[in-house]
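Working through the structure, step by step
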Amino acid sequence: SHGAPFDKDFKRSMTSLPTLAPFKHLAKLILPFAQYCVDDFLVRGAEAFELGMPFEEGHVLTETLPFLQSLLSLPSLQVQAWPPTDPASVPKRAQAPLPGRPTVTLG
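In short, a report on the structure. (Residues numbered from 1 in each chain as written. Predicted model: local features only at pLDDT ≥ 70, side-chain atom pairs only at ≥ 80, totals over all residues. Heavy atoms only, no water.)

Structural notes on a nonpolar patch on the surface
- Side chains of Val38, Phe41, Leu42, Val43 and Phe49 sit close together on the surface and give an oily, nonpolar patch of about 490 Å² of accessible area.
- Here Leu42 shows up in helix H2 (residues 27-44). (Patch = residues over 30% accessible without salt bridge, like charges linked within 9 Å, V, L, I, M, F, W, Y side chains within 5 Å. Areas by Shrake-Rupley, 256 points an atom, 1.4 Å probe, with all protein chains shown as cover. Salt bridge = Lys/Arg side-chain N within 4 Å of Asp/Glu carboxyl O. Helix = DSSP H or I, 4+ residues; strand = E, 2+ residues; numbered from the N terminus.)

Following this line, the structure appears as structure tokens:
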């Protein structure tokens with residue numbers, strides 16, 4: 001039950017904000033998160049902006065890292081926080097994680 005996608009004027013106004021200038025190249029990652037927040041607000045109201053989870057996602061992923069690495073037969077695996085401290089470090093093919101939906105980028 002997703003709301004209507006943001007129109008081009010909204011996208012343009014968001015990406016033209018000076019505070020978002022360092023993240024402009026990440027617009028394809030940021031805008032889906034904004035859409036998720038709007039959709040969640042339409043379903044849950046103000047509660048949607050209480051950005052808490054009943055558990056710490058990063059902690060769960062970090063604690064299960066050896067298991068995930070073994071299960072996926074990967075030589076290495078990293079858990080990274082979002083948003084990144086260095087926007088330039090985000091791979092071009094990365095997808096934005098959403099609360100409750102971490103993403104995976106293979107490199």
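What follows picks up the thread again.
Notes on the nonpolar core
- In this structure, Leu26, Leu29, Val90, Ala94 and Ala96 together form the largest nonpolar core, which totals 5 residues.
- Residue contacts for Leu26: discarding those within four places in its chain leaves Pro87 and Val90. (Core = buried A, V, L, I, M, F, W, Y, C linked by side-chain atoms within 4.5 Å. Buried < 20%, exposed > 50% of the residue type's maximum accessible area, 1.4 Å probe, protein only. Contact = heavy atoms within 4.5 Å.)

Regarding unusual backbone geometry
- In the Ramachandran plot, Ser73 falls in the positive-phi region, its phi being about 50° despite a non-glycine side chain.
- Mapped onto the secondary structure, Ser73 falls in the segment after helix H4 (65-71).

Re the side chain of Asp40
- Along the polypeptide, Asp40 turns up in helix H2.
- On the basis of relative accessible area, Asp40 is assigned to the buried category, the value being 15%.
- The residues contacting Asp40, other than those within four sequence positions of it, are Gly45 and Ala48.

Regarding H2
- Between its terminal C-alpha atoms H2 stretches 25 Å, which fits the 26 Å expected from 18 residues at 1.5 Å a residue.
- By the burial criterion, the buried members of H2 are Ala27, Leu29, Leu31, Ala34, Gln35, Tyr36, Cys37, Asp39 and Asp40.
- Looking at the packing, one finds that the buried side of H2 touches helix H1 (8-15).
- Positive backbone phi, at 70°, marks Gly45, one or two positions downstream of H2. (Expected span 1.5 Å × (residues − 1).)

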